[in-house]
Amino acid sequence: MKNNRLLRNIRLGIKTLLLHKLRSLLTMLGVVFGVGSVIAMLAVGEGASREALEQIRRLGSHNIIIDGPRPDGDEDGQRGERSRLLIYGLHYADLDRLLEGFPDIARAVPVKLIQREGRIGAQAMQLRMVGTTPDWFELVERPMLDGRPLSGLDLERKANVAVLTEHAARRLFAAARAGLGSQIRIGGTSFTIVGIVQSESAAAGGMQTPDRNTDLYIPITTAQERFGDLQEHRSGGSRSREQVQLNQIIVEIGALEAVEPNAVAIASMLARVHRRPSAYRVNVPLALLRQAEATRRNFNIVLGAIAGISLLVGGIGIMNIMLASVTERTREIGVRRAIGAKQRQIVYQFLIETIVLSTTGGIIGVAIGMLIPWVISRTVAMPTYVTPISVVLALGVSMMVGIIFGIYPAIRAARLDPIEALRHE
Amino acid sequence: MSTPAAQLENIHKTYHMGDEPIRALNGFSTTFDAGSFWAIMGPSGCGKSTLLNVLGCLDRPDQGRYQIDGRDTAALTDDALSEIRLKYLGFIFQSFNLIAQLTVAENIELPLYYLGWHPERARKRATELAQEVGLAGRLQHRPYQLSGGQQQRVAIARALANDPVLLLADEPTGNLDSATGVEIMEMICALNQSGKTVIMVTHEPEVAAQAKHRLVMRDGRIERTEARA
Ligand SMILES: Nc1ncnc2c1ncn2[C@@H]1O[C@H](COP(=O)(O)OP(=O)(O)OP(=O)(O)O)[C@@H](O)[C@H]1O
Ligand SMILES: [Mg+2]
């Protein structure tokens with residue numbers, strides 16, 4: 001019964017507002033655009049930051065990732081007669097220094113990348129081998145799809161075994177889980193495939209040895225023994241040679257609070273050994289995570305301020321129109337009072353109108369605010385995410401705007417002297 | 001004797017504009033018996049509308065005692081006065097004062113809405129009232145689609161919706177041509193005959209002649225009262 005009455009009041013409010021459709025629409029616009037733009041911006045920001053946070057999270061908050069990047073120019077390379085030799089990367093000794101000099105390090109995993117041609121039967125293709133240790137599979141948290149990861153024994157025996165990524169399996173054997181037990185010939189050695197590991201999803205990790213289509217994990221000892229540190233690349237007529245010991249070392253720190261101090265210490269250790277600052281790069285996912293979260297927080301604060309300002313403007317617009325409406329309907333108010341309406345019933349009537357106005361604006365705004373990210377996601381392949389909380393909040397806030405900016409005009413309407421209101425022209 | 005519909009004792013209402021206080025009601029006393037029909041007359045500015053506002057609980061006297069249907073209105077809150085208007089009173093205005101965005105039916109229902117009637121029951125009553133005032137086919141019309149006389153009939157139906165003890169009319173025929181005025185007066189007389197107390201302000205002697213009693217005011221007081229011959 002009570003509910004029914006509220007519904008009737010809302011319906012009456014809507015009816016009154018519909019009498020001046022254009023005016024009601026224009027009045028709502030402030031809230032519509034305020035809510036719409038904030039929801040849309042929030043969705044874009046949330047999409048971007050979720051992506052970033054997810055990438056970073058996958059790198060592991062306990063990890064420090066040390067790269068030995070390939071120099072861009074050739075000013076650092078040593079020129080040979082007909083070919084040049086590019087020497088870069090981290091050293092085997094770096095790994096030992098890390099393990100000996102840093103007691104906080106729980107595990108350190110070397111990564112050595114080798115490009116070679118491989119054959120399965122008569123089929124030949126370019127492969128990238130990742131020489132590493134069994135710990136790698138635990139540090140990067142990549143589940144095995146089939147078979148087993150590399151083992152300590154493989155490492156010890158320098159076994160000719162390989163773990164294939166899902167992508168590689170699909171490319172080489174036309175099925176994600178196929179190829180277990182098959183042989184791949186690479187440079188005169190035949191490797192047995194002992195496992196299939198899940199691929200890194202496309203969205204994740206740029207830093208952490210990104211997957212190529214045909215990646216293959218082998219024991220680092222095997223990689224050293226079979227392929228050494230020197231690689232030749234032929235492209236067109238030119239020939240380039242590279243000498244790299246390790247491309248990357250992933251370090252896991254036992255205690256979270258020790259991650260950042262150790263990163264600093266590792267960087268200064270590397271500075272002593274390598275001298276050339278571009279020879280190594282220390283990435284701390286935890287620091288990046290903090291940074292990304294701080295960025296997100298700042299972004300949200302800025303957005304909140306924009307939302308506040310636009311809703312303030314929208315609210316003032318609504319209040320302005322409602323005050324005009326009260327003046328315009330003074331006579332009506334007088335009639336209602338003469339008939340026996342109590343002051344609070346007049347307040348109620350005008351307040352409901354304002355709330356209907358602002359909430360409708362909010363709903364339209366939310367619709368627009370959800371449509372824009374949808375269009376963005378479809379057209380420019382940018383991730384967006386409309387959080388449910390932002391929608392609920394937007395609707396709640398627009399309702400609040402109605403209450404806050406409606407209460408004054410409503411009270412003014414109710415306080416009118418009935419006699420004067422009846423005389424009003 | 002039954003309870004008087006309205007009883008006024010030594011009512012004062014003074015407006016202060018500039019230096020001279022305007023005594024709109026200056027010691028006004030009278031009793032309006034239940035079922036009576038009064039025409040209030042007098043020159044412009046003598047306090048007729050002010051009297052009606054006091055009677056209608058829209059205005060409070062500065063001084064004096066006003067009882068409606070045996071209830072003293074002094075010391076009543078604004079809400080309580082609204083309640084009295086809602087339950088005891090019906091207003092008919094010179095300028096009809098229908099609410100433009102509401103239909104005829106909704107205008108008639110307005111008091112019932114504030115009385116908290118169930119919508120269906122209210123609609124039924126509004127339909128009956130519209131029939132009584134001869135506007136059965138106009139329920140869904142808007143006020144602007146009606147003639148002045150028709151609008152005043154709607155206003156009368158609305159004033160009757162809450163079955164009031166006292167009907168207050170301030171120049172109900174003032175905005176109507178004489179033929180329509182006669183129709184409206186017939187309706188008001190019929191209401192009085194069916195038992196409603198009516199207090200009506202008018203300038204027109206031929207309209208006043210239809211009331212059972214006439215009260216002529218001057219300067220906020222009663223100059224004379226006369227009964228219909
Ligand atoms: N709100 C007000 N403020 C100041 N003076 C007022 C106010 N209302 C009424 N008056 C004065 O009180 C006096 C009585 O006014 P009232 O409206 O009762 O007259 P009336 O008899 O109804 O006149 P009319 O026949 O012209 O309608 C007038 O002098 C008027 O100017
Ligand atoms: Mg008057």
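Here the structure is a predicted model, which means the values were calculated and not measured. (Residues numbered from 1 in each chain as written. Chains lettered and ligands numbered in written order. Predicted model: local features only at pLDDT ≥ 70, side-chain atom pairs only at ≥ 80, totals over all residues. Heavy atoms only, no water.)

## Some words on the overall build of chain A
Cut-off, in case you're wondering: Only DSSP runs of H or I reaching four residues or more are called helices, and only runs of E reaching two or more are called strands; each is numbered from the N terminus. Atoms considered for the radius of gyration are the C-alpha atoms alone. The globule rule reads 2.2 Å times the number of residues to the power 0.38. Between buried and exposed lies partly exposed: a residue is buried under 20% and exposed over 50% of the maximum accessible area for its type, with that area taken using a 1.4 Å probe on protein chains only. In what follows, a contact means two residues having at least one pair of non-hydrogen atoms within 4.5 Å. To measure how exposed things are, a 1.4 Å probe is used in the Shrake-Rupley method; for residues, cover is taken only from the protein chains shown.
Assigned secondary structure in chain A consists of 13 helices and 14 strands. Its C-alpha atoms give chain A a radius of gyration of 34 Å, more than 25% over the compact-globule value 22 Å for 425 residues. Its C-alpha atoms put chain A at 105 × 50 × 45 Å along the principal axes. Each of the 425 residues in chain A was classed as buried or not, and the buried ones make up 47%. For chain A, the proportion of contacts with a sequence separation of at least 24, taken over those separated by at least 6, is 77%. Carbon and sulfur atoms make up 58% of the accessible area of chain A, which amounts to about 20800 Å² in all.

## Brief notes about the site of ligand 1
Rule in force here: We define proximity as follows: a residue is near a molecule or strand when any one of its heavy atoms falls within 4 Å of that partner. Polar contacts here mean pairs of N or O atoms no more than 3.5 Å apart (in protein, one a potential hydrogen donor and the other a potential acceptor; neighbouring residues in sequence count only if both atoms are side-chain atoms).
Among the 14 residues in the neighbourhood of ligand 1, the closest are listed as Ser-44, Gly-45, Lys-48, Ser-49 and Thr-50 of chain B. More than one chain approaches ligand 1, the contributing ones being chains A and B. Between ligand 1 and Gly-47 of chain B there is a distance of 3.0 Å, counted from an oxygen atom to a backbone nitrogen or oxygen. In this structure, Ser-49 of chain B approaches ligand 1 through a side-chain N or O atom, which is 2.7 Å from an oxygen atom. In isolation ligand 1 exposes 630 Å². Once the protein is present, 72% of that is buried. Those elements giving two or more residues to the shell around ligand 1 turn out to be β2 (21–32) and α1 (48–55) of chain B. By residue number, the principal contributor to the shell around ligand 1 is α1 of chain B, which donates three residues.

## A word on the interface of chain A and chain B
For clarity, the threshold we go by: Summed over both partners, buried area is the accessible surface (1.4 Å probe) that two parts give up on being assembled. Criterion for a salt bridge: a side-chain nitrogen of Lys or Arg within 4 Å of a carboxyl oxygen of Asp or Glu. Just so you know the grouping, Ala, Val, Leu, Ile, Met, Phe, Trp, Tyr, Cys and Pro go in nonpolar, Asp, Glu, Lys and Arg go in charged, and all remaining residues, Gly too, go in polar.
Residue-level contacts link 26 residues of chain A with 27 residues of chain B. On the chain A side of the interface with chain B, the three residues burying the most area are Arg-8, Ile-339 and Ile-419 of chain A, jointly 23% of the side's total. The tally of links from chain A across to chain B stands at four salt bridges. Arg-344 of chain A is paired through a salt bridge with Asp-79 of chain B; the nearest N and O atoms lie 2.9 Å apart. Across the chain A-chain B interface, the total number found is eleven residue pairs in polar contact (both at pLDDT 80 or more). For the side of chain A that touches chain B, the elements supplying multiple residues, two or more each, are α1 (2–19), α10 (330–339), α11 (343–380) and α13 (418–423) of chain A. Looking at the side of chain A that touches chain B, its residues break down into ten nonpolar, six polar and ten charged.

## What about helix α5 (residues 148–160) of chain B?
Each full turn of the α-helix corresponds to 3.6 residues, which orients residues three or four apart in the same direction. Definition in use: Multiplying 1.5 Å by the residue count of a helix minus one yields the expected span of that helix.
For α5 of chain B, spanning 13 residues, the distance from its first C-alpha to its last is 18 Å, which sits close to the expected 18 Å at 1.5 Å a residue. Across the 13 residues that make up α5 of chain B, a large majority, twelve, are buried. Those residues of α5 of chain B not exposed but buried are Gly-149, Gln-150, Gln-151, Gln-152, Arg-153, Val-154, Ala-155, Ile-156, Ala-157, Arg-158, Ala-159 and Leu-160 of chain B. For α5 of chain B, the secondary structure elements touched by its buried residues are α10 of chain A together with β6 (89–92), α3 (104–115), α4 (119–132), β7 (166–170) and α6 (178–193) of chain B.

## So, the side chain of Glu-109 of chain B
All names here are of chain B. For Glu-109, the position within the fold is in helix α3. Here the side chain of Glu-109 touches Arg-123 through a polar contact of 2.3 Å, side chain to side chain. Dropping the residues within four chain positions of it, Glu-109 is found in contact with Ala-122, Arg-123 and Ala-126.

## Observations concerning unusual backbone geometry
Residues and elements named next belong to chain B. Of note in this structure, Phe-96 is not a glycine but carries a positive phi near 65 degrees. Position of Phe-96 relative to the elements: it lies in the loop between β6 and α3. Judged by its relative accessible area of 10%, Phe-96 is buried. Even without a glycine there, the phi angle at Asp-219 is positive, about 50 degrees. Here Asp-219 falls in the exposed class, since its relative accessible area comes to 58%.

## What about the environment of Arg-70 of chain A?
All names here are of chain A. As for its placement among the helices and strands, Arg-70 is situated in the loop between β1 (63–67) and β2 (78–79). Arg-70 sits 208 residues away from Ser-278 along the chain, and the two C-alpha atoms are 9.1 Å apart. Arg-70 has contacts with Leu-86, Tyr-88 and Glu-242, leaving out every residue within four places of it along the chain. Within the local environment of Arg-70, its side chain forms a polar contact with the side chain of Glu-242, the two groups lying 2.4 Å apart.

## Side note on the packing of α3 of chain B against α4 of chain B
Residues and elements named next belong to chain B. So the rule is basically this: Angles shown run from 0 to 180 degrees and are taken between the N-to-C directions of axes, each axis being a line fitted to C-alpha atoms and, for helices, limited to the stretch in contact. Note on angle classes: values under 35 degrees are labelled roughly parallel, values over 145 roughly antiparallel, values of 65 to 115 roughly perpendicular, and the remainder oblique. Crossings are sorted by hand: turned counterclockwise from the far helix by less than a right angle, the near helix makes the crossing left-handed, and turned clockwise it makes it right-handed.
Relative to each other, α3 and α4 sit at 120 degrees, their axes nearing to 9 Å. As the angle between them shows, α3 and α4 are arranged oblique. The two elements α3 and α4 cross, and the hand of that crossing is right-handed. Of the residues in α4, those touching α3 at Ala-105, Glu-106, Ile-108, Glu-109 and Leu-112 are Ala-122, Arg-123, Arg-125, Ala-126, Leu-129 and Ala-130. By residue class, the composition of the contact of α3 with α4 is seven nonpolar, no polar and four charged.

## Observations regarding the packing of aromatic side chains
Going by this rule: We call Phe, Tyr and Trp rings a pair once their centres come within 6.5 Å, taking the six-membered ring for Trp, and we label the pair stacked below 30 degrees between planes, edge-to-face above 60, and tilted otherwise. The rule for a charge over a ring is simple: NZ of Lys or CZ of Arg within 6 Å of the ring centre, and within 35 degrees of the ring normal.
In the structure shown here, the tally under the stated rule is seven aromatic pairs over all chains. Here Tyr-113 of chain B and Tyr-114 of chain B contribute two aromatic rings whose centre-to-centre distance is 4.9 Å and whose plane-to-plane angle is 70 degrees, an arrangement assigned as edge-to-face. With a relative accessible area of 7%, Tyr-114 of chain B lands in the buried category. Put simply, the rings of Trp-136, Phe-137 and Tyr-217 of chain A pair up and form one aromatic cluster. The side chain of Arg-50 of chain A reaches across the aromatic face of Tyr-385 of chain A, ending 3.9 Å from its centre. Positioned above the aromatic ring of Trp-117 of chain B is the side chain of Arg-121 of chain B, whose terminal nitrogen or guanidinium carbon lies 3.8 Å from the ring centre.

## Describing the domain arrangement of chain A
What counts here: Segmentation into domains, and thus their bounds, comes from an automatic or database assignment.
Looking at the assigned domains, one finds that chain A contains domain 1 (2–56 + 291–423) and domain 2 (69–279). With centres defined by C-alpha atoms, the gap from domain 1 of chain A to domain 2 of chain A works out at 57 Å.

## Some remarks on the environment of Ala-255 of chain A
Counting through the fold element by element, Ala-255 of chain A comes out in the loop between β13 (248–253) and α8 (259–274). Classification of Ala-255 of chain A by relative accessible area gives partly exposed; the value is 32%.

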